[in-house]
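What the coordinates show
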Amino acid sequence: MKKTLLSLLLCLAILFAATGCGTLAELSLGTAWLGSGTERSGVTETLKYSVTFDENFTEGDSYSFKKDSALDGLFYNYKNGEYTTTVSVIERFNLPDNVKESDIFTTHTIDTVYKITSELKITAVYTTEEGEKEFNDSIITKSYVCNSSSAYAPVYSLTEYDCLIPMYKEAENNKKYMIAKETNRQKYVAEIFYNSSSYTLKTFDYDAYKENPSVEPESSKEKNYTFKTVIDNNELLFAIRNCALVKDKSAVLPTINVAYVDYTNIAVKNNEELTLKLKNVSNNGAEITEEEVSASLFSFGKNDMSSGRSQLVYIQNKASKNLAMKSLLVKYVTPLTMYTGNYYCMGAMVYTLNSVEFSA
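Quick summary incoming for the structure in this document. The structure displayed is predicted, hence computed values, not measured ones. (Residues numbered from 1 in each chain as written. Predicted model: local features only at pLDDT ≥ 70, side-chain atom pairs only at ≥ 80, totals over all residues. Heavy atoms only, no water.)

What follows deals with the nonpolar core. By size, the foremost hydrophobic cluster in this structure holds 71 residues, and its most contacted members are Tyr114 and Leu253. Excluding residues within four positions of it along the chain, leucine 253 makes contact with Leu27, Leu29, Ile231, Leu236, Ala239, Ile240, Cys243, Thr264, Asn265, Ile266 and Val268. Listed in part, the 34 residues of the second largest apolar core include Ile165, Val189, Tyr199 and Val230. (Core = buried A, V, L, I, M, F, W, Y, C linked by side-chain atoms within 4.5 Å. Buried < 20%, exposed > 50% of the residue type's maximum accessible area, 1.4 Å probe, protein only. Contact = heavy atoms within 4.5 Å.)

Moving on, we get to the packing of aromatic side chains. Within this structure, the stated rule accounts for 21 aromatic pairs. Aromatic side chains tryptophan 33 and phenylalanine 238 sit 5.7 Å apart centroid to centroid with 65° between the ring planes, which places their arrangement in the edge-to-face category. Linking tryptophan 33 in the loop between strand E1 (2-5) and strand E2 (44-54) with phenylalanine 238 in helix H4 (residues 236-241), this pair joins segments that are 205 residues apart in sequence. In this structure tryptophan 33 comes out as buried when scored by relative accessible area, which is 0%. Ring plane angle 65° and centroid distance 6.2 Å describe the contact between tryptophan 33 and phenylalanine 358, whose orientation is recorded as edge-to-face. One end of the pair, tryptophan 33, is in the loop between E1 and E2; the other, phenylalanine 358, is in strand E18 (residues 343-359), with 325 residues separating them in the sequence. The positively charged end of lysine 326 is found above the aromatic ring belonging to phenylalanine 358, 4.0 Å away from the centroid. Above the plane of the ring of tyrosine 314 lies lysine 331, whose end atom (NZ or CZ) is 4.7 Å from the centre. (Phe/Tyr/Trp six-rings, centres within 6.5 Å; stacked < 30°, edge-to-face > 60°. Helix = DSSP H or I, 4+ residues; strand = E, 2+ residues; numbered from the N terminus. Lys NZ or Arg CZ within 6 Å of the ring centre and 35° of its normal.)

All right, on to the pattern of salt bridges then. Enumeration over the complete set of coordinates arrives at 13 salt bridges. One salt bridge connects arginine 185 with aspartate 137, and the closest N-O pair in it is separated by 3.2 Å. On the criterion of sequence distance, the pair formed by arginine 185 in strand E9 (residues 185-194) and aspartate 137 in strand E5 (residues 131-146) is long-range, its members being 48 residues apart. Judged by relative accessible area, which is 15%, arginine 185 ranks as buried. Under the relative-accessibility criterion, aspartate 137 is labelled buried at 2%. One connected set of salt bridges, linked through shared partners, spans Asp137, Asp162, Glu182 and Arg185. (Salt bridge = Lys/Arg side-chain N within 4 Å of Asp/Glu carboxyl O.)

By the secondary structure assignment, asparagine 224 is in strand E11 (residues 219-224). In this structure the C-alpha to C-alpha distance between asparagine 224 and serine 198, which are 26 residues apart in sequence, comes to 4.1 Å. Apart from the residues within four sequence positions on either side, asparagine 224 is in contact with Ser197 and Ser198.

Any link to function would need more than the numbers given here.
Structural data, given as structure tokens:
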């Protein structure tokens, strides 16, 4: 029997299984990420995280392998995980030429925009019939979005996805192992270009695009929408930081994802307030051995939650001894799942903040 183990990278803020419909209201998002600062060109923030696998994560919700397992042994692990995200406020005239072509800039007055990039790199270790094998996975994203007065409305997004999707096999002799080969690798490049009333989603062959970004797309789909009513999946974690939700309050963020043409409603809720201890954090080059951070635990997922477990984000809610209040995302937890007709939790990937760089 073979069962698909969904790569942890597949779950990075991507847990959608169906699309939305109906009329959407305009979004309203703040600038909590700036703290007491102002939104102006030149402001840049870079956050870095260590990424580790926890087979028995039980904070907030249980993502324990042992509690909810479809396997009877641990045949996978992950190491050397790093996640980096950078947000920069830039002048509109500094945009790449292809992004400037959006009619958003002729139908709306927008002088400053945000460039948001992220890179996730990790090594997956699978127990196969031939022994342990290691594979390097990555997701790289780049997005341009409008400023806060336009609710961070997306203008352009690019996703480069390169991850192995293993299979779990139960052999006739009851031997169990993973099938993990380079032929199981899923690779693609996806681009979404937004105008003021429609967007176009294109997908490209990964290797062909890396060799020549001007290559013709493998597919191209267009969809109408209303400006300021959606965000792009690549900015989802940033948008959650700026929701300004108090305890027990929730919001819905209609989100465009590369896997689907239409939007998906993502429900976000502030569940509780707690204190986290961060260790060995760098703050603008200053090393901090230990820092207690007051945070709000947010959960988010598809609105009807038919597509599996929610993901968790821990958002700073007040200044600490060494970290100014900027609604930092101090921890992020995404469940590792397997689908066999139902979703089974196989542990969790935990992203923990270890470096903050901020300049204005």
